[in-house]
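Residue-level listing of the chains:
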Amino acid sequence: MTDLKPADLDAALERVFEAARAHLAAVKASGGAVEDDNVGKAYVVLNNASFDYDELLLDAYNEVTPWDVKPIDEDEADHDHDHDHDGPGDAYPNSIAVRQRRDYRVPSVSALIRVAESARRAAAGPDADDADLGEPITSVGEAVLELLQSGDGSLGELDIPELEPLDGLVTVTEVVAPLDLDAFEEEDGDGPFAPGPEDRLLGRLDEHPFIELPDEDR
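Keep in mind that this is a model prediction, so the values were computed, not measured. Residue indices follow the written sequence of each chain, beginning from 1 at its first position. For this predicted model, a pLDDT threshold of at least 70 governs which residues receive local features, and a threshold of 80 or more governs which side-chain atom pairs are given and counted, while totals over whole chains, interfaces and linings are taken from all residues. Here the side-chain values reflect all heavy atoms present in the structure, with hydrogen atoms and water set aside.

Things to note about the overall build of the protein chain
Next up, step 1: The helix and strand inventory of the protein chain stands at 6 helices and 3 strands.
Next up, step 2: The secondary structure listing takes helices from DSSP runs of H or I that are at least 4 residues long and strands from runs of E that are at least 2 residues long, numbered from the N terminus. Each helix and strand of the protein chain, placed in order from N terminus to C terminus, yields the pattern α-α-α-β-α-α-α-β-β.
Next up, step 3: Residue exposure (1.4 Å probe, protein chains only): buried if accessible area is under 20% of the type maximum, exposed if over 50%, otherwise partly exposed. Among the 218 residues that make up the protein chain, the fraction classed as buried is 20%.
Next up, step 4: For the protein chain, the share of sequence-separated contacts (at least 6 apart) that also reach a separation of at least 24 residues comes to 71%.
Next up, step 5: Calculation of accessible area relied on Shrake-Rupley with a 1.4 Å probe; when residues are assessed, cover is drawn exclusively from the protein chains displayed. Accessible surface, the protein chain: about 15,700 Å² in total, of which carbon and sulfur atoms supply 52%. Residue contacts follow a heavy-atom distance rule, with two residues in contact if any of their heavy atoms lie within 4.5 Å.

Looking at the environment of Ser30
Next up, step 1: Mapping Ser30 onto the fold places it in helix H1 (residues 6-30).
Next up, step 2: Leaving out residues up to four positions away in the same chain, Ser30 has contacts with Asp36 and Val39.
Next up, step 3: Any N or O atom pair separated by 3.5 Å or less is treated as a polar contact, with the protein-specific requirement of one donor-capable and one acceptor-capable atom, and with residues adjacent in sequence counted only for side-chain atom pairs. A polar atom in the side chain of Ser30 sits 2.7 Å from the backbone oxygen of Val27.

Remarks on the side chain of Arg99
Next up, step 1: Relative to the assigned elements, Arg99 resides in strand E1 (residues 95-105).
Next up, step 2: Asp199 provides the closest opposite charge to the buried, salt-bridge-free Arg99, at an N-O distance of 4.4 Å.
Next up, step 3: Within the structure, the side chain of Arg99 is placed 3.4 Å from the side chain of Thr173, a separation counted as a polar contact.
Next up, step 4: A polar contact of 2.9 Å, which involves the side chain of Arg99, links it to the backbone oxygen of Phe193.
Next up, step 5: Setting aside its immediate chain neighbours within four residues, Arg99 contacts Leu169, Val170, Thr171, Thr173, Val175, Pro192, Phe193, Ala194, Pro195 and Asp199. Positive: Lys, Arg. Negative: Asp, Glu. His and the chain ends are not part of the count. A pair is scored as a salt bridge if a Lys or Arg side-chain nitrogen falls within 4 Å of a carboxyl oxygen belonging to Asp or Glu.

Thoughts on the sheet that holds strand E3 (residues 200-207)
Next up, step 1: With antiparallel pairing, 3 strands are arranged side by side in an open sheet as E1-E2-E3. Looking at which strands have only one partner, the edges of the open sheet turn out to be E1 and E3. Here the average twist between neighbouring strands, direction ignored, is 15°.
Next up, step 2: Two strands are counted as paired when DSSP detects at least two bridges linking them. Bridge count between E1 and strand E2 (residues 164-175): 10 bridges; the pairing is antiparallel. For Arg99, the partnering residue across the bridge sits in E2 and is Thr171. Fitted lines through C-alpha atoms serve as axes, helices being fitted only where they are in contact, and the angles separating the N-to-C directions of these axes extend from 0 to 180 degrees.

Points about the pairing of E2
In summary, the side chains of a regular strand alternate between the two faces of the sheet.
Next up, step 1: Of the pairings in the sheet, the one linking E2 to E3 comprises 7 bridges and is antiparallel in character. Considered in E3, the bridge of Gly168 is made with Glu207.

Side note on the packing of aromatic side chains
Next up, step 1: Only centres within 6.5 Å qualify two rings of Phe, Tyr or Trp (six-membered ring in Trp) as a pair; their planes then separate them into stacked at under 30 degrees, edge-to-face at over 60, and tilted for everything else. For the structure on display, the rule yields 1 aromatic pair.
Next up, step 2: Aromatic side chains Tyr53 and Trp67 sit 6.0 Å apart centroid to centroid with 50° between the ring planes, which places their arrangement in the tilted category. Highlighted residues: Tyr53 in helix H2 (residues 37-61) and Trp67 in the loop between H2 and helix H3 (74-84), separated in sequence by 14 residues.

Focus: helix H4 (residues 109-124)
Next up, step 1: Helices are assigned an expected span. That span is 1.5 Å times one less than the residue count. Between its terminal C-alpha atoms H4 stretches 23 Å, which fits the 22 Å expected from 16 residues at 1.5 Å a residue.
Next up, step 2: Taken as a whole, H4 has its buried residues at Ala111, Leu112, Ile113, Ala116 and Arg120.
Next up, step 3: Of the residues trailing H4, Gly125 is marked for its positive phi of about 100°.

Here it is, written out as structure tokens:
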């Protein structure tokens, strides 16, 4: 033990209590907003008060708290905070684009169209008549779109025997501006997926179809 006065330790603990109360008040006032400025500042104060108390407890009694914290420089925290934000309340100024491509082989166009027609009828409900079902499905593109629209819109709706999956990939890109659908014609299938000159690729995931082995090779 050192000559540290018990009152110093008590005062340090009280600062932890005060900082914890201030942090809780800031959290409540933020209403759950991400990266609220006041919450961030209160967090730094609570972190440093906890660190100081832990250090005093160790110095006085060779004991520690369960808090594994490091001191945070308030000036540096504010500096980093200013650069991370594009404006008040905007924690993530950068937009992320997730692009996915998966290719398929179509063994039988007629079989695929029949599956799509069945999906349309199921989505329309038992009381639907021919007028409710719309124009007949006549192409691979119409069939695939119908399968997506009749389901939840995900590529999982295309996991059917009538489509044999080939290779695919997923890319994650940091984009300067989010997608503006009105900037592209409906017939433009390439423009919305083309990265801009200042967009930055963050990662790529290659997908390979699962190949079922014969029983003798398992």
